[in-house]
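Tertiary structure, described
Here is how the chains run, residue by residue.
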Amino acid sequence: MSAYVYSELQVGDSNSFEKTITSADILMFSAVSGDCNPMHTNEKFAQKSSFGGRIAHGALVSSLISTALTNAFPTSIYISQSVNFLAPVHIGDTIKAVVTCKEKLGKGRVLMQTDCFNQDGVKVIEGEAVTRLAREPIPEEHKWLY
């Protein structure tokens, strides 16, 4: 999907973003967020859990949704996001965040279905977001910013 403005977007339009989660991603997210839960940061601790090893923060994984949104809508404003964490994400998992237009709400606002899947097609996150899109295309002279 190319960059859309509200008038161009159709129900069913979607965009995605894919990223492989690394140990460095998890450690940097811990440092930035302050969330140093040993499930994310301590391999020996996490090996004793039902997950069998360190897992990514849910907030780290759900942040990929924002990337899928802003890649398609570079001047959008994120209004709200709800997520349900369905399965753990392990180091080395490749996550695909998919955003799909469910409904145009008016005044530039859009309800999006927001899902994340691992490399095996397992849905690890499901949710919805509301975002406000630009009502006018980005002027050609400013497109280099996006």
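Please refer to the structure higher up on the page.
The sections below set out a description of the structure shown in this document. This structure is a prediction, so every number in the text was calculated from the model and none was measured. By convention here, each chain's residues receive numbers from 1 onward along its written sequence. For this predicted model, a pLDDT threshold of at least 70 governs which residues receive local features, and a threshold of 80 or more governs which side-chain atom pairs are given and counted, while totals over whole chains, interfaces and linings are taken from all residues. With hydrogens and water excluded, all non-hydrogen atoms of the structure serve as input to the side-chain values.

**Here's the deal with the overall build of the chain**
Test applied: Each helix is a run of DSSP H or I of at least 4 residues and each strand a run of E of at least 2, with the numbering of both proceeding from the N terminus. In this scheme, a residue with accessible area under 20% of its type's maximum is buried, one over 50% is exposed, and one in between is partly exposed, where area comes from a 1.4 Å probe on protein chains only. Using a 1.4 Å probe, the Shrake-Rupley method yields the accessible areas, and only the shown protein chains count as cover for residues.
Across its full length, the chain holds four helices and five strands. The helix and strand sequence of the chain, counted from the amino end, reads β-α-α-α-α-β-β-β-β. Relative to its 146 residues, the chain shows a buried fraction of 36%. Carbon together with sulfur atoms contributes 53% to the accessible area of the chain, which is approximately 7900 Å² in total.

**Regarding the sheet that holds strand β4 (residues 109-117)**
Through backbone hydrogen bonds, the strands of a sheet pair up, either in parallel or in antiparallel fashion. Our working definition: The rule for pairing is simple: two strands pair if DSSP sees at least two bridges between them. The convention used is that axes are lines fitted to C-alpha atoms, helices contributing only their stretch in contact, and that angles between N-to-C directions extend from 0 to 180 degrees.
Judged by pairing direction, the sheet is antiparallel, and its five strands sit side by side in the order β1-β3-β4-β5-β2 without closing on themselves. Because the sheet does not close on itself, it has two edges, and the strands there are β1 (14-20) and β2 (77-85). Along the sheet, successive strands turn relative to each other by an average axial angle of 20 degrees, direction set aside. Here β1 pairs with strand β3 (residues 94-106) via seven bridges, running antiparallel. Bridge pairing in β3 links Thr20 to Thr94.

**Brief notes about the side chain of Arg54**
Our working rule: For the charge count, each Lys or Arg is scored as positive and each Asp or Glu as negative, with His and the chain ends excluded. Just to be clear on terms, a salt bridge is a Lys or Arg side-chain nitrogen sitting within 4 Å of an Asp or Glu carboxyl oxygen. Counting of polar contacts relies on pairs of N or O atoms within 3.5 Å, with two restrictions inside protein: one atom must be capable of donating a hydrogen and the other of accepting it, and residues adjacent in sequence are counted only when both atoms are side-chain atoms. We call two residues contacting when some pair of their heavy atoms lies within 4.5 Å.
You can see Arg54 is positioned in the loop between α3 (43-47) and α4 (58-72). One buried charged side chain, Arg54, makes no salt bridge at all; its nearest oppositely charged neighbour is Glu43, positioned 4.6 Å away. A polar contact of 2.7 Å, which involves the side chain of Arg54, links it to the backbone oxygen of His40. Excluding its chain neighbours within four sequence positions, the residues that come into contact with Arg54 are Ser23, Ile26, Leu27, Met39, His40, Thr41, Asn42, Glu43, Ala46, His90 and Ile91.

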